[in-house]
Amino acid sequence: MKGTEMAVWVDEFDFSSAISEVDVQMEVGEAQRTSLASAAEEFRPLLPKMGVQQNGYFEGVLPDGFEAEMRARFGVNGAVVSVITQRSDADCPVYVLPDAGNYEMAIATPMNGLVTLNGKWGTSGNARRGLRVFDGTFDAIEDGTTVDFGAGVTTGGYAWLHVSSITGTAVDAEIDVESSADGVTFVSEGTITLSDVGAYALTLVGAVSRYIRLSCVDLGGASAIRCMGVVSLG
């Protein structure tokens, strides 16, 4: 798979055109638990940790530019960072860092090259692996494409929506997360209400069936909403 299949979303921004490299690090620390009764050294897993290192280009200090948005999130949590693993696959896996902050801004340049800007994201919450369930524009009351998660759960999950642009003005637009046991009859698992661009999170509670889709039930007066959605079950 080519590296250009990857993509990185931070809140309402698709940073992919400004990034040349992204690394996702997942690790679990270990603590020694060796006792007098042990036949060998014993270890226990500690809390998991996930981070995202991104290397990209400095395009100048511009309003709403790559540098400005990285700086706005520097040392401050609250961002939603989603790393798409294969954007040519509509329902590809996505790694999501909720409540993330940028903990590094490194600017450098060779004499005859481009100025680079690198950053590193960490999260105070549990990072999740989900599937992309929508990446496009809602311009009517309509349903998105159905994604098969393989099995339903009884333990809920999470949904995230990156809203990159709104055509017109939206006042309390509503995007439903819906599930179905048979791919035909769907029920709402919760609603994301929005009036502006940005990232939105929704907690899914209880039983959620295997087939998932997003559904626009109210544009809130807007003519179009461009967004990308991810759902993680269990």
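If you're wondering where the values come from, they're calculated on a predicted model, not measured in any experiment.

J.: Give me the overall build of the chain: which residues, what numbers.
T.: Looking only at helices and strands, the chain features one helix and 16 strands. Projected onto its principal axes, the C-alpha coordinates of the chain cover approximately 60 × 60 × 35 Å. By the burial criterion, 44% of the 234 residues in the chain qualify as buried. Across the chain, contacts joining residues at least 24 apart in sequence account for 72% of those joining residues at least 6 apart. For the chain, the exposed area adds up to about 11700 Å²; of that, 51% sits on carbon and sulfur atoms. Each charge class in the chain can be summarised by its mean position, and for the 14 positive and 31 negative side chains these summaries are 7 Å apart.

J.: How would you summarise the packing of aromatic side chains if you had to cite specific residues and measurements?
T.: Under the definition given, this model contains four aromatic pairs. Ring geometry for Tyr-158 versus Trp-160: centroids 5.9 Å apart, planes at 20°, classification stacked. Stacked on the ring of Phe-186, the Lys or Arg Arg-213 has its end atom at 3.8 Å from the ring centre.

J.: Which residues make up the side chain of Arg-73, and what are the values?
T.: On the secondary structure map, Arg-73 appears in the loop between α1 (66-72) and β5 (79-84). On the basis of relative accessibility, which here comes to 11%, the residue Arg-73 falls in the buried class. A distance of 2.9 Å separates the side chain of Arg-73 from the side chain of Asp-11, its partner in a polar contact.

J.: Before we move on, could you go through the nonpolar core and cite the residues and values that matter?
T.: Formed by 29 residues in total, the largest nonpolar core has its most connected members in Leu-161, Leu-194 and Val-231. Looking at this core, the elements with two or more residues in it are β8 (128-138), β11 (157-167), β12 (173-180), β13 (187-194), β14 (198-204), β15 (211-218) and β16 (224-233). Apart from the residues within four sequence positions on either side, Leu-161 is in contact with Ile-175, Ile-192, Leu-194, Gly-198, Ala-199, Tyr-200, Leu-214, Cys-227, Met-228 and Gly-229. Of all hydrophobic cores here, the second largest spans 19 residues; its members include Val-81, Tyr-95, Leu-117 and Trp-121.

J.: Got a sec to walk through the pairing of β5? Specific residues and values, please.
T.: The element β5 is extensively covered by neighbouring structure, given that six of its six residues are classed as buried. In the sheet, strand β1 (residues 7-10) pairs with β5 via four bridges, with the strands oriented antiparallel. What sits directly across from Ala-7, in β5, is Ile-84.

J.: An account of the pattern of salt bridges is requested, with residue identities and associated values reported.
T.: Summed over all chains, the structure comprises nine salt bridges. Linking Glu-67 and Arg-71 is a salt bridge whose minimum nitrogen-to-oxygen distance equals 3.0 Å. Here Arg-71 and Glu-67 lie together in helix α1, a separation of four residues that amounts to about one turn. Arg-71 sits in the partly exposed class, given a relative accessible area of 45%. Where Asp-135 meets Arg-132, a salt bridge forms, and the shortest distance between an N and an O atom there is 2.9 Å.

J.: Run through the pairing of strand β6 (residues 93-108), naming residues and quoting values.
T.: Here β5 runs beside β6; their pairing, made up of five bridges, is antiparallel. When the bridges of β6 are listed, Ile-84 appears paired with Val-94.

J.: A description of the environment of Ser-209 should follow, citing residues and the corresponding values.
T.: Topologically, Ser-209 is positioned in the loop between β14 and β15. Given the relative accessible area of 23%, Ser-209 is considered partly exposed. Residues Ser-209 and Phe-149, 60 residues apart in the sequence, show an inter-C-alpha distance of 8.5 Å. For Ser-209, the residues in contact, after removing those within four places along its chain, are Gly-152, Ser-179, Ser-180, Ala-181, Glu-189 and Leu-233.

About the cut-offs
- Residues numbered from 1 in each chain as written.
- Predicted model: local features only at pLDDT ≥ 70, side-chain atom pairs only at ≥ 80, totals over all residues.
- Heavy atoms only, no water.
- Helix = DSSP H or I, 4+ residues; strand = E, 2+ residues; numbered from the N terminus.
- Buried < 20%, exposed > 50% of the residue type's maximum accessible area, 1.4 Å probe, protein only.
- Contact = heavy atoms within 4.5 Å.
- Areas by Shrake-Rupley, 256 points an atom, 1.4 Å probe, with all protein chains shown as cover.
- Lys, Arg positive; Asp, Glu negative; His and termini not counted.
- Charge placed at Lys NZ, Arg CZ, Asp CG, Glu CD.
- Phe/Tyr/Trp six-rings, centres within 6.5 Å; stacked < 30°, edge-to-face > 60°.
- Lys NZ or Arg CZ within 6 Å of the ring centre and 35° of its normal.
- Polar contact = N/O pair within 3.5 Å; in protein donor to acceptor, adjacent residues only side chain to side chain.
- Core = buried A, V, L, I, M, F, W, Y, C linked by side-chain atoms within 4.5 Å.
- Pairing = 2+ DSSP bridges.
- Salt bridge = Lys/Arg side-chain N within 4 Å of Asp/Glu carboxyl O.

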